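The lines below spell out each chain.
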Amino acid sequence: MAKPILMLAEQVRGQLSDISFEMLGLGRRLADALGAPLSALVLGSEGAPLAARLGLADKALTAEDPRLNMAPPGTMADALRQVIEKEQAGLVLIGATNVCMGVGSILSARTGLPFVNNVRQAQAEEGAVRLTSQMYGGKILADVRLGGACGIAGIYPGAFPADAGRSDKAPPVEAAGVTVTAPKETFERYIEPETGDVDITKEKVLVAVGRGIQTQDNVGMAEELAAALGGAVCASRPVIDQGWLPLSRQVGKSGMNVKPRLYLALGISGAPEHWEGMQGSQCIIAVNTDAKAPIFDGAHYGIVGDALEFIPLLTDRLKARRG
Ligand SMILES: Cc1cc2nc3c(=O)[nH]c(=O)nc-3n(C[C@H](O)[C@H](O)[C@H](O)COP(=O)(O)OP(=O)(O)OC[C@H]3O[C@@H](n4cnc5c(N)ncnc54)[C@H](O)[C@@H]3O)c2cc1C
């Protein structure tokens, strides 16, 4: 039997994040394929009610210490190291997120386990695990094999379905028995990011404009289309850099990560840094004058044409249909 799999559930202000369920679904799949048990760990106070929601795990472990709330990476890594040793865990799943930034590399140094970050795909094969890791903002995909299914995998948010990790069952919950070392840094307060008038991460329909929109006046045209579709406007970085829309509307590596049902990409080339923030969209439709634009490599539907002609045409059709 392969060594146990351990996943670190993430909580932010008392709520389990989607990444926890994404990792739980993945962990369950790998555990079943490898014939290994799966444990879920929740760090921080009020862990028990959160652990009870991780029903796909064979057991959930808690370390209820307020010093583990939004703890610095070294403190989280130390708690994880203790649980890995106690549980004799082989594969460890953590989120490639802001919450866990730095944890994987410190944990790797302290345990000697290899660390593979930004994992987008994972398969069990003959007692090992094959991972596909995204590097350089998606320009390179690296295939990595963890022999003996032992190592730390940083799971890219949105790469695996969260629904596969949800269940009505409750797992047995145990205290992990972690000794917390006094952190050198302490978490002081949570500062809400400014989401402005709309939070684009919650919109079901996004009309995204890129440099191809050409002028600030044309952004108004896209806003009309978004209103007709019942969605919101977002943008690639050059549009934000011009000050045509606020930073809260930027999609991509240095902006928001969005997963709408429809992502309409207008005059966007599809650079990896943009793609990184919207690739989880259910349906991507791209409009671009350049048939060779990289956005067409990943879009579900593509229109080679002028966005400035397409936008009013579609808006008028939608309005006429509603009328
Ligand atoms: C560290 C780093 C972080 C970054 N973070 C981000 C980020 O978070 N988000 C982001 O978006 N970018 C980010 N970038 C920038 C990124 O590399 C690209 O430069 C950017 O995404 C390009 O934006 P674009 O597609 O709008 O512009 P361009 O690449 O200039 O593409 C414009 C496209 O519009 C098309 N076009 C022109 N006219 C029309 C028309 N009338 N109708 C239809 N199509 C037309 C063109 O054919 C072209 O494909 C980052 C870069 C770095 C280095």
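Residues numbered from 1 in each chain as written. Predicted model: local features only at pLDDT ≥ 70, side-chain atom pairs only at ≥ 80, totals over all residues. Heavy atoms only, no water.

## Quick word on the sheet that holds strand 16 (residues 301-304)
Working step 1: On the basis of which strands lie adjacent, the open sheet formed by five strands has the order 13-12-14-15-16 and parallel pairing. The strands lining the two open edges of the sheet, one partner per strand, are strand 13 (232-235) and strand 16. This sheet shows a mean twist of 20° between the axes of neighbouring strands, independent of strand direction.
Working step 2: Direction of pairing for strand 12 (residues 205-209) relative to strand 13: parallel, over a ladder of four bridges. Note on strand 13: the bridge partner recorded for leucine 206 is alanine 232.
Working step 3: Helix 5 (residues 216-229) contacts strand 12, strand 13 and strand 14 (262-266) of the sheet and is inclined by roughly 170° relative to strand 12.
Working step 4: Packing against the sheet, helix 9 (residues 307-322) makes contact with strand 14, strand 15 (283-288) and strand 16, and its axis sits at approximately 140° to strand 14. (Pairing = 2+ DSSP bridges. Helix = DSSP H or I, 4+ residues; strand = E, 2+ residues; numbered from the N terminus. Axes fitted to C-alpha atoms, helices over the stretch in contact; angles between N-to-C directions. Contact = heavy atoms within 4.5 Å.)

## Topic: the pattern of salt bridges
Working step 1: Summed over the entire model, instances satisfying the criterion amount to 17 salt bridges.
Working step 2: In this structure, the salt-bridge partner of arginine 166 is aspartate 18, at a minimum N-O distance of 3.2 Å. Here arginine 166, found in the loop between strand 10 (151-155) and strand 11 (173-175), pairs with aspartate 18, found in helix 1 (residues 18-34); they are 148 residues apart in sequence, far enough to count as distant.
Working step 3: Residues aspartate 65 and arginine 67 are paired through a salt bridge, measuring 3.0 Å at the closest nitrogen-oxygen approach.
Working step 4: Taking the relative accessible area as the measure of exposure, arginine 67 reaches 39% and is therefore partly exposed.
Working step 5: Overlapping salt bridges, with partners in common, bring together Asp78, Arg81, Glu85 and Arg110 in one network. (Salt bridge = Lys/Arg side-chain N within 4 Å of Asp/Glu carboxyl O. Buried < 20%, exposed > 50% of the residue type's maximum accessible area, 1.4 Å probe, protein only.)

## With respect to the domain arrangement of the protein
Working step 1: Structurally, the protein comprises domain 1 (5-175) and domain 2 (200-322).
Working step 2: A separation of 33 Å is found between the C-alpha centroids of domain 1 and domain 2.
Working step 3: Taken together, the contacts link eight residues of domain 1 with seven residues of domain 2.
Working step 4: Carbon and sulfur atoms make up 36% of the surface buried where domain 1 meets domain 2, a total of about 590 Å² over both sides.
Working step 5: Here domain 1 is connected to domain 2 by one salt bridge. (Domains from an automatic or database assignment. Buried area = accessible area lost by both parts, 1.4 Å probe.)

## Structural notes on the side chain of threonine 97
Working step 1: Turning to its location among the elements, threonine 97 is positioned in the loop between strand 6 (91-95) and helix 4 (103-111).
Working step 2: Those residues in contact with threonine 97, other than ones at most four positions away along the chain, are Glu10, Ile19 and Pro157.

## Let's talk about the environment of valine 178
Working step 1: Within the secondary structure, valine 178 sits in the loop between strand 11 and strand 12.
Working step 2: Residue class for valine 178 comes out buried when judged on its relative accessible area of 18%.
Working step 3: A C-alpha to C-alpha distance of 6.1 Å links valine 178 and alanine 63, two positions 115 residues apart in sequence.
Working step 4: Not counting the four nearest positions on each side in its chain, valine 178 is found in contact with Ala63, Ala79, Gln82, Val83 and Lys86.

## Focus: unusual backbone geometry
Across the chain, the bulk of peptide bonds are trans and the bulk of non-glycine residues have phi less than zero.
Working step 1: One non-glycine residue, arginine 13, lies in positive phi territory at about 50°.
Working step 2: As for its placement among the helices and strands, arginine 13 is situated in the loop between strand 2 (11-12) and strand 3 (15-16).
Working step 3: Look at glutamate 46: it is not a glycine, yet its phi comes out positive at around 60°.
Working step 4: Within the fold, glutamate 46 resides in the loop between strand 4 (38-43) and helix 2 (47-51).

## What about a nonpolar patch on the surface?
Working step 1: Taken together, the side chains of Met70, Phe187 and Tyr190 define a hydrophobic patch exposed on the protein surface, amounting to about 250 Å² of accessible area.
Working step 2: With respect to the secondary-structure elements, methionine 70 resides in the loop between strand 5 (59-63) and helix 3 (73-87).
Working step 3: Taking relative accessible area as the criterion, methionine 70 reaches 30% and is therefore assigned partly exposed. (Patch = residues over 30% accessible without salt bridge, like charges linked within 9 Å, V, L, I, M, F, W, Y side chains within 5 Å. Areas by Shrake-Rupley, 256 points an atom, 1.4 Å probe, with all protein chains shown as cover.)

## Section: the site of the ligand
Working step 1: Close contacts around the ligand come from 26 residues, with Arg211, Ser236, Ser254, Ser269 and Asn288 the closest.
Working step 2: One of the backbone nitrogen or oxygen atoms of valine 251 is found 2.8 Å away from a nitrogen atom of the ligand.
Working step 3: Between glutamate 273 and the ligand, the recorded distance is 2.8 Å, taken from a side-chain N or O atom to an oxygen atom.
Working step 4: Computed on the free molecule, the ligand has an accessible area of 990 Å², of which 74% lies beneath the protein chains in the complex.
Working step 5: Looking at the shell around the ligand, the elements with two or more residues in it are helix 6 (237-241), helix 7 (272-278) and strand 15.
Working step 6: The class makeup of the residues in the shell around the ligand is six nonpolar, 14 polar and six charged. (Near = heavy atom within 4 Å. Polar contact = N/O pair within 3.5 Å; in protein donor to acceptor, adjacent residues only side chain to side chain. Nonpolar A, V, L, I, M, F, W, Y, C, P; charged D, E, K, R; others polar.)

## Comments concerning the packing of helix 5 against helix 9
Working step 1: Packing of helix 5 against helix 9 brings their axes to within 9 Å, and their N-to-C directions diverge by 30°. Here helix 5 lies roughly parallel to helix 9, going by the angle between them. Where helix 5 crosses over helix 9, the two elements pack in a sense that is left-handed. Counting all contacts with helix 5, which are made through Asn218, Met221, Ala222, Glu224, Leu225, Ala227, Ala228 and Leu229, the residues of helix 9 involved are Leu308, Ile311, Pro312, Leu314, Thr315, Leu318, Lys319 and Arg322.
Working step 2: Its residues assigned to classes, the contact of helix 5 with helix 9 comprises 11 nonpolar, two polar and three charged. (Parallel < 35°, antiparallel > 145°, perpendicular 65-115°, else oblique. Left-handed = near helix turned anticlockwise from the far one by under 90°.)

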